[in-house]
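Overview (structure and organization)
Each chain, written out:
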Amino acid sequence: MIKNVDNPALEIHDLTVSYDRKPVLWGVDLTVPEGSIAAIIGPNGAGKSTLIKSIMGLIDMSSGYNKIFGKDLNEVRQRVSYVPQKESVDWDFPASVLDIVMMGRYAAIGLFKRLRKADKEAALLALEQVGMLAFKERQISQLSGGQQQRVFLARALTQQADIYFMDEPFAGVDAATEKTIIQLLKKLASQGKTIIVVHHDLQSVTTYFDWVIMLNLRLVASGPTEEVFIPKLIEETYGGKLTLLTEVGELMKKEQFPAREK
Amino acid sequence: MKELIIDFFSFSNPNIRYVVFGSMLLAVSSAIVGCFTFLKKKALVGDVVSHAVLPGICLSFIISGTKDPFLLIIGAFITGWLSIVVMDYIIQNSKIKEDTATGLSLSVFFGIGILLLTYIQHSGNAAQSGLDSFLFGKAAALVGKDLLAFSLVAILILVVVFFFYKEFKLISFDPAFAQSLGIPVKRIELILSSITVMAVVTGIQAVGVVLMAAMLITPAAAARFWTDKLSIMILSAACIGALSGLAGAFISYAAPAMPTGPWIVMVVSLIALFSFFFAPKKGIIIRILKQRKIKRRLLEENLLKSFYKIGEFHDDFELASNQIEITEMRRFTPSQLRKGLVRLRRQGFINKIDKRWSLTNEGYQKGQRVVRLHRLWELYLTTYLRIAPDHVHEDAENIEHVITPELEKKLEALLEYPEYDPHQTEIPYRD
């Protein structure tokens, strides 16, 4: 069940990604409409983060391409924001909350230039939106998991992007933070922004998201929540890996086969 | 001694000037670059590069036949930089892990360096004498031309760090996010590793191949203890570097048999050691003192609790007890008991009459609070965590000392001011 839309915010075309020759995502083909809050769900190791990272150009794809607002990433980078997993950085880094949030402005400022007053104001505004204004001078090593996530979110907000890719923003956060985040995402969506979120908690899928992408090494389903988030497809997504697919992948790694003949 | 100091710090002797300013410049530039190496957790890279510059120095001597510092620096820079490229290539294109690639790169480059050095030493070229000083440094023999070369390198490093400060900061913290912003992460990392190589190349002329890694990392490590702000950390590291350069030069001047380079490293290490122990918040001493304070508090609160329980048992909170009666309620070692009672009495929580102790009103309140928290927590565990009543005591023994007044209020409200704990003992409230 893969539903496609016209004029999508995100289009992924025949995407295959391999680690050390072993494909971890096979031929993913999907579209996501503008203004939606989409969840990427699937079991551990299904390739959820990999999908986002390859869209952001952080890992090379073996084949395929993706378009954001119909264009290549480099042409629309100013409109795209990426929120990495909060575990991907060392929070013992010598920086304050405000320092980190202002990093979202680095691209807009440009190389060599210093931070301006406007950048600070943008950062303060973003901090207010996530309810962290009181913590602006706090050393980042003193933050809780939920606060770390809010800081990352604030950093993304300062980019004033039109499409947001978030890697597990709800993982390891407290209930209050989860509520703040989802309210914020819904507000962004109501302004026409597109939000694509790697998500783990199946309980909240129907209330949080209006679009669902279901992955397990391959694309199982992509479409409006009420149409694809149904027991049959959930079972197919979580019902174990396709044994044959995994075996072929392992073989490609062992024999160092390329993903595509060239 | 006084004369020595005046002589030294008037800097009238050009040799002293060269040594002092040369050492300081080297120490400062490597300390600044080292902050990023430290934060990127690439501490061993400095070690690899410093060993890998040796073949470059030897090669440029073989080709040019002179010991011109500029030519040697260029040669050193090339092989030092090559070692980083080789290391990254091995990590990315083979199954060899980072630690092995680091070790490989270091020893292979250094091996070639030693090979070439030995060849030069036996070639009978008279100009070669002193080339081996790169192994251990020759800070005490710096000349004007060296100083000029160092100054240029130091200025270059400062300018690069100044212009790329925010990019260096970002790629040290979150390279994936930097890439998502469209910042040329690879190229900026290349610039960062280039100035690292440059700092190492100049630095080894003062302290030598073996000690160079310390010059890069130690000031940053020491500075990290004192601050949580990157700009201040870099500034402090630079100051620590400058101070060590100055101190190293002075010590080797005051005691002629002492080498400059190793003394610079000694001073840096002493500063790092001092920071490790005495830095506020992060130093070991502060942490030990904190632990001791907690231990004392635990003892005091446990004593007051025992007094309260004795009072509860006899239904008389003004009752005075002797040491044996207290120990019967709860086991304390004799020295704990002695010290704890003295402290509590000094603080005004207990009175002493004829070798017997009794609670003051404040002591009574405090003892009652600990007992209350203990029983509230036991009830919380049985109600909310569904833990069996006979398993909750140990946990409550600990938590009763942790709970703050705010949490206490929350706990009371949550449990709706219960009358009894899970063992049906009354929970005492403030009258």
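Refer to the structure printed above.
Residues numbered from 1 in each chain as written. Chains lettered and ligands numbered in written order. Predicted model: local features only at pLDDT ≥ 70, side-chain atom pairs only at ≥ 80, totals over all residues. Heavy atoms only, no water.

1. What to know about the packing of helix α3 (residues 43-64) of chain B against helix α5 (residues 98-121) of chain B
Residues and elements named next belong to chain B. α5 packs onto α3 with a crossing angle of 25° between their chain directions and a minimal axis gap of 8 Å. With respect to each other, α3 and α5 are oriented roughly parallel. For the pair α3 and α5, the sense of crossing is left-handed. From α3, Leu 44, Asp 47, Val 48, His 51, Ala 52, Leu 54, Pro 55, Cys 58, Leu 59, Phe 61 and Ile 62 reach across to α5, where they touch Thr 102, Ser 105, Leu 106, Phe 109, Phe 110, Ile 112, Gly 113, Ile 114, Leu 116, Leu 117, Tyr 119 and Ile 120. (Axes fitted to C-alpha atoms, helices over the stretch in contact; angles between N-to-C directions. Helix = DSSP H or I, 4+ residues; strand = E, 2+ residues; numbered from the N terminus. Parallel < 35°, antiparallel > 145°, perpendicular 65-115°, else oblique. Left-handed = near helix turned anticlockwise from the far one by under 90°. Contact = heavy atoms within 4.5 Å.)

2. Looking at the nonpolar core
Ranked by internal contacts, the top residues of the largest apolar core, which has 90 residues, are Leu185(A), Ile195(A), Met214(A) and Phe168(B). The leading source of residues in this core is helix α7 (residues 144-173) of chain B, at 10 residues. Each residue touching Met214(A), except ones within four places of it in the same chain, is listed here: Ile41(A), Leu219(A), Val220(A), Ala221(A), Val228(A), Phe229(A), Leu233(A), Ile234(A) and Thr237(A). In this structure, Cys58(B), Val197(B), Ile204(B) and Met212(B) belong to the second largest nonpolar core, which totals 41 residues. (Core = buried A, V, L, I, M, F, W, Y, C linked by side-chain atoms within 4.5 Å. Buried < 20%, exposed > 50% of the residue type's maximum accessible area, 1.4 Å probe, protein only.)

3. Focus on the interface of chain B and chain A
Counting from both sides, the interface comprises 27 residues of chain B and, opposite them, 30 residues of chain A. Summed over both sides, the interface between chain B and chain A buries roughly 2700 Å², with carbon and sulfur atoms accounting for 63% of that surface. Considering only the surface of chain B that becomes buried against chain A, Lys166(B), Phe173(B) and Phe177(B) emerge as the three largest contributors, covering 29% of it. At the boundary of chain B and chain A, one finds four salt bridges. With a closest N to O distance of 3.6 Å, Asp99(A) and Lys169(B) form a salt bridge. Summed over the shared surface of chain B and chain A, the result is 11 residue pairs in polar contact (both at pLDDT 80 or more). At the level of secondary structure, the elements contributing two or more residues to the side of chain B that touches chain A comprise α7, α8 (175-180), α9 (185-226) and α10 (230-254) of chain B. Tallying contributions element by element places α7(B) first for the side of chain B that touches chain A, with 10 residues. Looking at the side of chain B that touches chain A residue by residue, the classes come out as 14 nonpolar, four polar and nine charged. (Buried area = accessible area lost by both parts, 1.4 Å probe. Salt bridge = Lys/Arg side-chain N within 4 Å of Asp/Glu carboxyl O. Polar contact = N/O pair within 3.5 Å; in protein donor to acceptor, adjacent residues only side chain to side chain. Nonpolar A, V, L, I, M, F, W, Y, C, P; charged D, E, K, R; others polar.)

4. Comments concerning the packing of aromatic side chains
Each aromatic ring pair is described using two quantities: the centre-to-centre distance and the angle formed by the ring planes. Within this structure, the stated rule accounts for 22 aromatic pairs over all chains. Look at Tyr417(B) and Tyr429(B): their rings are 6.3 Å apart centre to centre, the planes differ by 50°, and that puts the pair in the tilted class. In this pair, Tyr417(B) is assigned in the segment after α17 (405-415) and Tyr429(B) in the segment after α17, connecting sequence segments 12 residues apart. The class for Tyr429(B) is partly exposed, based on a relative accessible area of 24%. Three or more aromatic residues joined by ring pairs make a cluster, and in this case those are Phe112(A), Phe36(B), Phe162(B), Phe163(B), Phe164(B) and Phe168(B). Lying across the ring of Tyr65(A), Lys67(A) places its NZ or CZ 5.7 Å from the centre. Lying over the aromatic face of Tyr106(A), Lys166(B) brings its terminal NZ or CZ to 5.6 Å of the ring centre. (Phe/Tyr/Trp six-rings, centres within 6.5 Å; stacked < 30°, edge-to-face > 60°. Lys NZ or Arg CZ within 6 Å of the ring centre and 35° of its normal.)

5. Considering the packing of helix α11 (residues 260-278) of chain B against helix α12 (residues 284-314) of chain B
Each pair of packed helices gets described by two things: the angle between the helix axes and the distance between those axes. Residue and element names in this part refer to chain B. Packing of α11 against α12 brings their axes to within 4 Å, and their N-to-C directions diverge by 15°. When the axes of α11 and α12 are compared, the pair comes out roughly parallel. Facing α11, whose interface residues are Phe 276, Phe 277 and Phe 278, α12 presents Ile 284, Ile 285 and Ile 286. Classifying every residue of the contact of α11 with α12 by side-chain character gives six nonpolar, no polar and no charged.

6. Regarding helix α6 (residues 145-157) of chain A
With 13 residues, α6(A) extends 19 Å between its outermost C-alpha atoms, agreeing within 8% with the 18 Å of an ideal straight helix rising 1.5 Å per residue. Looking only at α6(A), the buried set comprises Gly146(A), Gln147(A), Gln148(A), Gln149(A), Arg150(A), Val151(A), Phe152(A), Leu153(A), Ala154(A), Arg155(A), Ala156(A) and Leu157(A). (Expected span 1.5 Å × (residues − 1).)

7. Structural notes on a nonpolar patch on the surface
Residues and elements named next belong to chain B. Taken together, Trp 226, Met 266, Leu 270, Leu 273, Phe 274, Phe 276, Phe 277, Phe 278, Ile 285, Ile 286 and Leu 289 make up a surface patch of nonpolar side chains, about 980 Å² in accessible area. Those elements that place two or more of their residues in the nonpolar patch are α11 and α12. Judged by its relative accessible area of 31%, Ile 285 is partly exposed. (Patch = residues over 30% accessible without salt bridge, like charges linked within 9 Å, V, L, I, M, F, W, Y side chains within 5 Å. Areas by Shrake-Rupley, 256 points an atom, 1.4 Å probe, with all protein chains shown as cover.)

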